[in-house]
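# Survey of secondary and tertiary structure
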Amino acid sequence: MAKEVYRFSAGERFVHWCHGVAFLLLLFTGLGVLVYAFQPAMNVFGGIQVTRNIHRVVAVLFTLGMIIGFIGKGQGARQMRRWFKDVINFRKDDFDHAKNFGIEFFGGHKPFPPQGKFNGGEKLNSMFTILGTLCIVTSGYIMWFASGPSLLLQWAYPIHAACALFMAALLIAHLYLGILHPDSNQALKGIFTGWVPAKFAYEHYEKWYNEEAKETMKG
Amino acid sequence: MARKMVFIDTSLCTGCKACSVACKAWNDLPAEKTQRISSYQTQADFTPNTWTYVRFREEYKDKKMRFNMLKLQCFHCADPACMKACSSQAIYKTESGYTLIDKDKCIGCGYCAANCPWGVPKIDEAANKAYKCTGCIDRVESGMKPACAQTCQPGAIQFGDYDEIMPQAQARVAELQLTNPKAHLYGNELMGGTTYVYLLQDRPDAYGLPLNPTTPISLTLWKDIVYPLGGIAIGASAAAITCGVIVNLVRGNYANRAKNIAASHDEGGK
């Protein structure tokens, strides 16, 4: 077996999948309300009214999964907090990685400075996800609980819709990079088992590999 | 059917509330326990069983008091914000100028209620459907007046073809303006032109009406900008990944990848 290093703790994987599965369910049920053409598809859950309630239940899980992941002293929570601190700290090395995103996306390669645990592209994706999640959660609860016409409620609608649609666009690219892209999809195993190929880690996160990951090597 | 108009002349209204009762009688809406809100007003807002009511404002000037009485119901706008907001295609316009809710299509989301500049449509929580004044479309389509217009004793509610009623309304304003320069029509130039048009004897806010009701900017942003841009973003993303897969195939990156993995497995085996 090829050598592997430990990349994602159980806590991080839990939060990732809570977020991911909940987002897909929320997107599907949300589109039923948002887009008339999608309404017939809601029959798989028993109609639009059932779907609206599912949307609310899953929204709570979406919110809780996110919050719980950051709480406590466990390794998972520590790693989640570290992820947050890492990704909002966007520096020149990150920019120099992210600027070649288009080239890498279409299978080319350009050298980039050694990256930490999260590279420039991942940091951008993470920041969009954090921002989008905060906005969509806030606007969603306003839509759920606000009563009567108010500016707050009126503005919650376009914000909720914009976050949903742009996060869906981001998700499509994320799925491609994680599953279909011949180079970066080596990370896919990491989000299931926590372990990624050591060679891949060295090539993509040289700084992290040298400073931390190397010590976890197995295989 | 020709465009209809309902002209509500507040200068003739006596505040008797018979319009509200007639509406209930025709539309099978049971009476509700009321309480005094202020002045002679006994209804705070629309309810699933009250689609029209009279709002009272007392205005004091030079030691004289005047009732600003306003029969409220749906305005039936030509360009309704509720219809723009509805995601279920449940709100539609009739040729006669009415704005109606298709209860079978309505899912009770409340987007209409949140976006009407007059706060007319509301959600009936028990039925989980939006409701509002139907303009007695069933009567109108059978050649009758709306129930409120039919019953109004002082003739403050005039109903007919737009082309016929509008000149009457304008003549009435001109007549009143001789003694009250504040008299004006409210509604005919708002939201694309409303089917229910008022003659007001003072500024709209003296009746608790918004001065400049418009489609909320947030609604225009949502439906005319966020939707198309969001659609484009999703389409562009899907197109990009399709190109990505094709380009990677053409470049032989998938084949190389398989070779590399085989090589590293060999390495691992050593």
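Structure's up top.
Analysis parameters
Residues numbered from 1 in each chain as written. Chains lettered and ligands numbered in written order. Predicted model: local features only at pLDDT ≥ 70, side-chain atom pairs only at ≥ 80, totals over all residues. Heavy atoms only, no water. Helix = DSSP H or I, 4+ residues; strand = E, 2+ residues; numbered from the N terminus. Buried < 20%, exposed > 50% of the residue type's maximum accessible area, 1.4 Å probe, protein only. Contact = heavy atoms within 4.5 Å. Lys, Arg positive; Asp, Glu negative; His and termini not counted. Charge placed at Lys NZ, Arg CZ, Asp CG, Glu CD. Rg over C-alpha atoms; globule rule 2.2 N^0.38 Å. Polar contact = N/O pair within 3.5 Å; in protein donor to acceptor, adjacent residues only side chain to side chain. Pairing = 2+ DSSP bridges. Axes fitted to C-alpha atoms, helices over the stretch in contact; angles between N-to-C directions. Expected span 1.5 Å × (residues − 1).

## Details of the overall build of chain A
If you tally the helices and strands in chain A, you get 10 helices and two strands. Counting from the amino terminus, chain A carries its helices and strands in the arrangement β-α-α-α-α-α-α-α-α-β-α-α. C-alpha extents for chain A along the principal axes are approximately 55 × 40 × 35 Å. Looking at the 219 residues of chain A, the share that counts as buried comes to 46%. Partitioning the intrachain contacts of chain A with sequence separation of at least 6 by distance along the chain shows that 65% fall at a separation of at least 24. Counting 21 positive and 14 negative side-chain charges, chain A places the averaged centre of each group 7 Å from the other.

## Digging into the overall build of chain B
Looking only at helices and strands, chain B features eight helices and 10 strands. Computed over C-alpha atoms, the radius of gyration of chain B comes to 28 Å, more than 25% over the 18 Å expected from 2.2 N^0.38 for 270 residues, which places it beyond the range of a compact globule. Dimensions of chain B, computed from the C-alpha atoms along their principal axes, are close to 105 × 45 × 40 Å. Within chain B, buried positions represent 49% of all 270 residues. Pairs at least 24 residues apart make up 58% of the contacts formed inside chain B by residues separated by at least 6 positions. Here chain B holds 30 positive side-chain charges and 25 negative ones, and the gap between their average locations is 4 Å.

## Digging into the environment of Glu12(A)
All names here are of chain A. Relative to the helices and strands, Glu12 resides in helix H1 (residues 10-34). Sequence-wise, Glu12 and Asp86 are 74 residues apart; in three dimensions their C-alpha atoms are separated by 14 Å. Contacts of Glu12, omitting those with residues within four sequence positions, involve Arg7, Gly76, Gln79, Met80, Lys117 and Phe118. Among the polar contacts made by the side chain of Glu12, one reaches the side chain of Lys117 at a distance of 3.2 Å.

## Remarks on the sheet that holds strand E8 (residues 157-161) of chain B
Residues and elements named next belong to chain B. Taken together, the four strands give an open sheet; going across it, the order is E8-E1-E10-E9, and neighbouring strands pair in mixed fashion. If you trace the sheet from one side to the other, it starts and ends with E8 and strand E9 (184-186), each paired once. Taken pair by pair, the neighbouring strands of this sheet meet at an average axis angle of 25°, ignoring direction. Alignment of E9 against strand E10 (residues 196-200), held across three bridges, turns out to be antiparallel. Among the inter-strand pairings, Leu185 is bridged to a residue of E10, identified as Leu199. Docked against the sheet, helix H6 (residues 162-177) engages strand E1 (4-9), E8, E9 and E10, running at close to 20° with respect to E1.

## Quick notes on helix H2 (residues 48-70) of chain A
All names here are of chain A. Compared with an ideal rise of 1.5 Å per residue, which puts 23 residues at 33 Å, H2 spans 34 Å between its outermost C-alpha atoms and is within 8% of the ideal. Taken as a whole, H2 has its buried residues at Ile48, Thr51, Arg52, Val58, Ala59, Phe62, Thr63, Gly65, Met66 and Gly69. Its buried side turned inward, H2 meets H1, helix H3 (75-87) and helix H6 (120-145). One or two positions beyond H2, positive phi appears at Gly72, with a value near 105°.

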